[in-house]
Amino acid sequence: MTYISRRTQAVIDLCALKENYHQIANLAKKSQTIAVIKANAYGHGAVKIALSMQKYVPAFAVAFIDEAIVLREAGVSLPILILEGALTDKDFALAEQNNFWLMIHNPRQIDWLTNLTPAFTGKLWLKIDSGMNRLGFMPQETTAIINRLSVSQQSNLVLCSHFSTADDSSNNNSQQQLQLLQTLAKQHNCQYSIANSAGILNWPQSHANFNRLGIALYGASPIEKNKLPVTLKPVMTLQSNIIALRELTIGQFVGYGGIWQAKRPTIIATIAIGYADGYPRHAKSGTPVWLVNNQKTAPIVGRVSMDMITIDVTDIEKVNIGDAVELWGNNLAVEVVASHADTINYELLTRVSDRVPRIYQG
Ligand SMILES: *Cc1c(COP(=O)(O)O)cnc(C)c1O
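Residues numbered from 1 in each chain as written. Predicted model: local features only at pLDDT ≥ 70, side-chain atom pairs only at ≥ 80, totals over all residues. Heavy atoms only, no water.

A. Representation of the site of the ligand in the model. Close to the ligand lie V36, K38, Y42, L83, K127, H162, N196, S197, R212, G214, I215 and Y346. Taking S197, its side chain carries an N or O atom lying 2.5 Å from an oxygen atom of the ligand. The side chain of Y346 places a nitrogen or oxygen atom 2.6 Å from an oxygen atom of the ligand. (Near = heavy atom within 4 Å. Polar contact = N/O pair within 3.5 Å; in protein donor to acceptor, adjacent residues only side chain to side chain.)

B. Structural detail: unusual backbone geometry. Residue P118 is bonded to the preceding T117 through a cis peptide linkage, with omega at -5°. Its place among the elements puts P118 in the loop between α6 (107-114) and β6 (124-127). In this structure, K318 takes a positive phi of about 55° despite not being glycine. Summarising the element assignment, K318 is placed in the loop between β16 (309-312) and β17 (324-328). (Helix = DSSP H or I, 4+ residues; strand = E, 2+ residues; numbered from the N terminus.)

C. Fine view of the packing of helix α4 (residues 65-73) against helix α5 (residues 91-98). At a minimum axis separation of 11 Å, α4 and α5 run at an interaxial angle of 30°. Viewed along their axes, α4 and α5 adopt a mutual orientation that is roughly parallel. In terms of crossing hand, the pair formed by α4 and α5 is left-handed. Touching I65, I69 and R72 of α4 are D91, L94, A95 and N98, all from α5. Classifying every residue of the contact of α4 with α5 by side-chain character gives 4 nonpolar, 1 polar and 2 charged. (Axes fitted to C-alpha atoms, helices over the stretch in contact; angles between N-to-C directions. Parallel < 35°, antiparallel > 145°, perpendicular 65-115°, else oblique. Left-handed = near helix turned anticlockwise from the far one by under 90°. Contact = heavy atoms within 4.5 Å. Nonpolar A, V, L, I, M, F, W, Y, C, P; charged D, E, K, R; others polar.)

D. Expanded view of the packing of helix α1 (residues 14-27) against helix α3 (residues 46-53). Taken N-terminus to C-terminus, the directions of α1 and α3 make an angle of 60°; their axes are 11 Å apart at the nearest point. Accordingly, the angle class assigned to the pair α1 and α3 is oblique. The way α1 lies across α3 gives a crossing that is right-handed. When α1 is examined against α3, the residues L14, L17, K18 and Y21 are found in contact with a partner set consisting of I49, S52 and M53.

In structure tokens, the structure reads:
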């Protein structure tokens, strides 16, 4: 039985998702824009996101094959790019059966691949390390690696690399990474792909045969908001409500460790969300929470607990037990909360835990 008494939930706006996709894909009309739905679609629920987007996108991408299998079993039929490629030799057979596109980025994967009989016939992406220094072959190894592939594997190959600083439009490292990949793609007459969200938004010259759209699909920005060429709509609104109110006198403390002390008579509202739900424990006193009825923000005071947070509502009239709050979403950008917690929007979205029901709208 699923019984829901707590009103903490993540509302997922599927219309906003589609609008974001179409707007961003329109920035790169000559590219195929792959929707990246790894990590449970950045916390939004990968199966639901995939099923609602499969009419519009050419392919999906996830980090590893386990994530792709879940999607196939749920009826997602489009190709799925596996960004980390095969992690065991068995992954090749699964990829071939399921139309998963495998990234090849290390010598071990090449050995597995070249030992297969009959030869692997699925689509391969070859990852080149253009400066991220995390995955991929050195540029000068490219020819030798391609020569180990069969003629039909070579003819279907996509050269791939990943930007390390595409969020910074003044850093010419991205230009160098792009040039390196373009030179190789030309030399080997291959399709290629380099742009992530920040690449698509900041570096139009990086739009290639395939772009890989992640964070911005969900309406969260990888770059400064005033530099966005489109208006993104947050897809996730994280909501909860007030479950207690109390009055403090001057000098009283709030929460674990007593890190916050009332300097005036204070009204504290306690909200039913905590770090076990994915609300960041590192959110400092002062992190805003949006009060839905009052259309105002109130600051967190004291430590974030496992199941609860506390906010100071002294300056807000008419606050009641049961009132709805928004932790981030349409009225309060996830980037604002991230900066108060010394992290980034990616981490907050992907860490919303299974304890929080996802409610789909649109
Ligand atoms: C996660 C990922 C992406 C998407 O990145 P965003 O910044 O979320 O757009 C693209 N390519 C690779 C290789 C990735 O791992």
